[in-house]
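Observations on the three-dimensional arrangement
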Amino acid sequence: MVQDIRQKALRELPQIEELLRTSPLEQLCDALPRAMAVQAARDAVDEARQEMLSLLEHGKNGACPVQVDSEAIALRAARLALAAARPSLRRVVNAAGVVIHTNLGRSVMAPSAVEAARRVAEGYSTLEYDTERMARGSRNDHCERLLCLLTGAQAALAVNNNAAAVMLVLSEFSKRRQTIVSRGQLVEIGGSFRIPDIMELSGAHMVEVGTTNKTHVNDFKQALTDQTALLLKVHPSNYRMTGFTESVSVKELKALADKENRYRAERELADSAKQDQRPWKHAASRDVLVYEDQGSGSLLHLSCFNDYAEPTVHESLREGCDLVSFSGDKILGGPQAGIIVGRKDLIDRLKANPLSRALRLDKMTLAALEETLRLYLSPERALREIPTLAMLTATVNDLRPKAEQLLAALQAVVPSKICSVDIVEEVSRAGGGALPMCDIPTLAVRISFIVGNALDCERALIQQRQTPIIGRIKKDSLLFDVRTLAQPDEIDLIAKAVAEYFEKAA
Ligand SMILES: *Cc1c(COP(=O)(O)O)cnc(C)c1O
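Residues numbered from 1 in each chain as written. Predicted model: local features only at pLDDT ≥ 70, side-chain atom pairs only at ≥ 80, totals over all residues. Heavy atoms only, no water.

Before going further, it helps to examine helix H21 (residues 490-505). Two residues of an α-helix separated by three or four positions point the same way, owing to the 3.6 residues in each turn. With 16 residues, H21 extends 22 Å from end C-alpha to end C-alpha; this agrees with the ideal 22 Å at 1.5 Å per step. Glu 490, Ile 491, Ile 494, Ala 495, Ala 497, Val 498, Ala 499, Tyr 501 and Phe 502 are the residues of H21 that are buried. (Helix = DSSP H or I, 4+ residues; strand = E, 2+ residues; numbered from the N terminus. Expected span 1.5 Å × (residues − 1). Buried < 20%, exposed > 50% of the residue type's maximum accessible area, 1.4 Å probe, protein only.)

This next bit is on the packing of aromatic side chains. Counting across every chain of the model gives three aromatic pairs. Seen in terms of ring centroids, Phe 449 and Tyr 501 are 6.3 Å apart; in terms of plane orientation they differ by 85 degrees. Their pairing is edge-to-face. Of this pair, Phe 449 sits in strand E15 (residues 440-449) while Tyr 501 sits in helix H21, and the two are 52 residues apart along the sequence. Residue classification places Phe 449 among the buried positions, given a relative accessible area of 17%. An angle of 35 degrees between the planes, with centres 5.7 Å apart, marks the rings of Phe 449 and Phe 502 as tilted. Of this pair, Phe 449 sits in strand E15 while Phe 502 sits in helix H21, and the two are 53 residues apart along the sequence. Every member of this aromatic cluster is reached through a ring pair, and the members are Phe 449, Tyr 501 and Phe 502. (Phe/Tyr/Trp six-rings, centres within 6.5 Å; stacked < 30°, edge-to-face > 60°.)

Along the chain, Thr 372 falls in helix H16 (residues 363-375). Taking the relative accessible area as the measure of exposure, Thr 372 reaches 0% and is therefore buried. For Thr 372, the contacting residues outside a window of four places in its chain are Ala 113, Leu 332, Gly 333, Gly 334, Pro 335 and Ile 386. (Contact = heavy atoms within 4.5 Å.)

Among the five residues that make up strand E6 (residues 178-182), five are buried, leaving the element largely enclosed by the rest of the structure. On E6, burial covers both faces: Gln 178, Ile 180 and Ser 182 on one face and Thr 179 and Val 181 on the other are all buried. By the bridge criterion, five bridges tie E6 to strand E9 (residues 205-209) in an arrangement that is parallel. By the bridge assignment for E9, Ser 182 is matched with Val 209. Bridge analysis of E6 against strand E10 (residues 228-234) gives four bridges, and the strand direction is parallel. Bridge pairing in E10 links Ile 180 to Leu 231. (Pairing = 2+ DSSP bridges.)

Bringing the nonpolar core into the picture now. Grouped together as the largest cluster of nonpolar side chains are 58 residues, with contacts concentrated most on Leu 231, Val 341, Leu 369, Leu 373 and Tyr 376. The dominant element in this core, judged by the number of residues it contributes, is H16, at five residues. The contact partners of Leu 231, leaving out residues within four places of it in the chain, are Ile 180, Phe 220, Leu 224, Leu 253, Leu 256, Ala 257, Val 288, Leu 289, Val 290 and Tyr 291. Counting residues in hydrophobic clusters, the runner-up holds 34 residues, among them Ala 95, Val 396, Leu 485 and Val 498. (Core = buried A, V, L, I, M, F, W, Y, C linked by side-chain atoms within 4.5 Å.)

Strand order in the open sheet made by the seven strands is E5-E13-E12-E11-E10-E6-E9, with mixed pairing throughout. On the outer flanks of this sheet lie strand E5 (155-159) and E9, each paired with one strand and no other. When strand polarity is set aside, the average angle formed by the axes of neighbouring strands in this sheet is 20 degrees. Where strand E11 (residues 289-295) lies against strand E12 (residues 323-327), four bridges are found, and the strand directions are parallel. Among the inter-strand pairings, Asp 293 is bridged to a residue of E12, identified as Ser 325. The sheet strands contacting helix H9 (residues 195-202) are E6, E9, E10 and E11, and the helix crosses E10 at an angle near 155 degrees. (Axes fitted to C-alpha atoms, helices over the stretch in contact; angles between N-to-C directions.)

Bringing the sheet that holds strand E18 (residues 477-481) into the picture now. Read from one edge of the open sheet, five strands run E2-E14-E15-E18-E17, paired in mixed fashion. Across the chains shown, the open sheet's two edge strands, defined by having one partner strand only, are strand E2 (98-100) and strand E17 (472-474). Between one strand axis and the next, the sheet turns by 40 degrees as a mean value, whatever way the strands run. Across the sheet, helix H20 (residues 454-463) touches E15, E17 and E18, and the angle it forms with E18 is around 45 degrees. Of the strands in this sheet, strand E14 (419-431), E15 and E18 touch H21, which is tilted by about 25 degrees from E15.

Turning to unusual backbone geometry, a few remarks are in order. The residue Arg 106 is not glycine, and still its phi comes out positive at about 50 degrees. You can see Arg 106 is positioned in the loop between E2 and helix H6 (111-122). Residues other than glycine seldom take positive phi values, yet Met 134 does so here, at roughly 50 degrees. As for its placement among the helices and strands, Met 134 is situated in the loop between strand E3 (129-130) and strand E4 (135-136). Note on Met 134: relative accessible area 65%, which makes it exposed.

Take the pattern of salt bridges next. This model, assessed by the stated rule, comprises 36 salt bridges. Across the pair Asp 322 and Arg 343 runs a salt bridge, and its minimum N-O distance is 3.1 Å. One end of the pair, Asp 322, is in the loop between helix H13 (313-318) and E12; the other, Arg 343, is in the loop between strand E13 (338-342) and helix H14 (344-352), and 21 residues separate them in sequence. The exposure class assigned to Arg 343 is partly exposed, which follows from its relative accessible area of 22%. In this structure, Arg 472 and Glu 426 form a salt bridge, with 2.9 Å as the shortest nitrogen-oxygen distance. Separated by 46 residues along the polypeptide, Arg 472 in strand E17 and Glu 426 in strand E14 bring together distant segments of the chain. In this structure Arg 472 comes out as partly exposed when scored by relative accessible area, which is 21%. Look at Glu 426 and you get buried, because its relative accessible area is 13%. Overlapping salt bridges, with partners in common, bring together Lys 254, Asp 258, Asp 322, Arg 343 and Asp 345 in one network. (Salt bridge = Lys/Arg side-chain N within 4 Å of Asp/Glu carboxyl O.)

In this section: the packing of helix H7 (residues 141-151) against H16. The description of two helices packed together rests on the angle between their axes and the distance between the axes. It is at 10 Å that the axes of H7 and H16 come closest, and there the two elements cross at 25 degrees. Taken as axis vectors, H7 and H16 run roughly parallel relative to one another. Once H7 is placed against H16, the crossing between them reads as left-handed. Here His 142, Cys 143, Leu 146, Leu 147 and Leu 150 of H7 lie close against H16, whose contacting residues are Leu 366, Leu 369, Glu 370, Leu 373 and Arg 374. A breakdown of the residues in the contact of H7 with H16 according to their chemical character gives seven nonpolar, one polar and two charged. (Parallel < 35°, antiparallel > 145°, perpendicular 65-115°, else oblique. Left-handed = near helix turned anticlockwise from the far one by under 90°. Nonpolar A, V, L, I, M, F, W, Y, C, P; charged D, E, K, R; others polar.)

Right under this line is the structure:
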């Protein structure tokens, strides 16, 4: 009986050919490759089938047959076909006020970095060619000297992203050996990066110490064994613990590692004197190393954020880290990359690890990264030309002209009878694991609705635009934070999209 109803309902679904002859799709078939329209029709029917089955399953329509709305399926197919025909990875307008927005591509790159990437993309390049020696060169050379200059490190290596950097360091130095880490720092970042998972994948044995809110240097000391390879510090990127908390400083970890390493060296000397053991090939294989995963990794001290300012890479190295790793596209403001800086003997070992070949950067990223790093040679220039830094450090006064421009553009296109528009003081966020909890005062342009509503308008601006516009809803109004507007044409794009929404809503 139930089976009969099911079969009968499913038979009512339109055939693909039938669907392709309906008006919304037939028109599209002229403009789009047929295969695309067919795929869209199949997907729309599949969706309808799934929906029908789930309705039948949950019994609501167990007794009466489920209605099939062929017209709705055809419309859905047409929308899917249109969506498939335009590029999937497109530009968006970020008016959400989150500067390093991971879902929206993190950092916007400096114009000169974009230009550098374009140049190496459209022609051949010195990617692995040394013009001085007229011989094969290394792709690592382009950024290494700059990174050393900017961080005070002896050596540097850039790989695909910081998750890859962490993986590489753990795998090289801690495979089948122990890494000690504070329980308070076993973080998850962006839903897909968890320190314990990376640890397991790398073959490192994780030793957790301390409690969620407090870890003392003594916890590390008591966990130290002959098998300890790394003392790991992880930057708590996307949260801050406040109140009754304590974490161990790099200085303390370094002092502990130094003491242990002296002890290991002395013991090795004594053992080799007794000739019952061969010494380690590298001191680094014997030593305990201090490694910090800085996450965002700032090259400049952003004093405008006071106590929220992140420690710089330079500071962590000076305090005694043997290695520090950080992202290229977070606060640095460059392309996606994972940068590792530190002792030369350790970086040399990372370069020789086959994983670093698997995780290497491509030429466009290297060109953009090199150019971004060059901008840092003059801090004023970096603050001015690297959009991530310029956006993060813009004051409310700096933002006022842009807010007034957007306000005027909106007032020009929407009559005051259907909505009211004004400028409000709001807060932006750094995002990307940088400066968590830091409220950055900003200006936003607010639309309060008389006709239509914020949810519908938000949907229209995201779903129905060639260039989607991402704002923020607060109470019943829609906000556009001007801090994260990246291009001069974005004010017009917002005004045009809002005007079209109201034309349809009215
Ligand atoms: C963001 C982050 C990572 C991951 O970096 P990706 O460049 O996104 O791979 C790792 N560790 C910390 C502490 C982070 O904040």
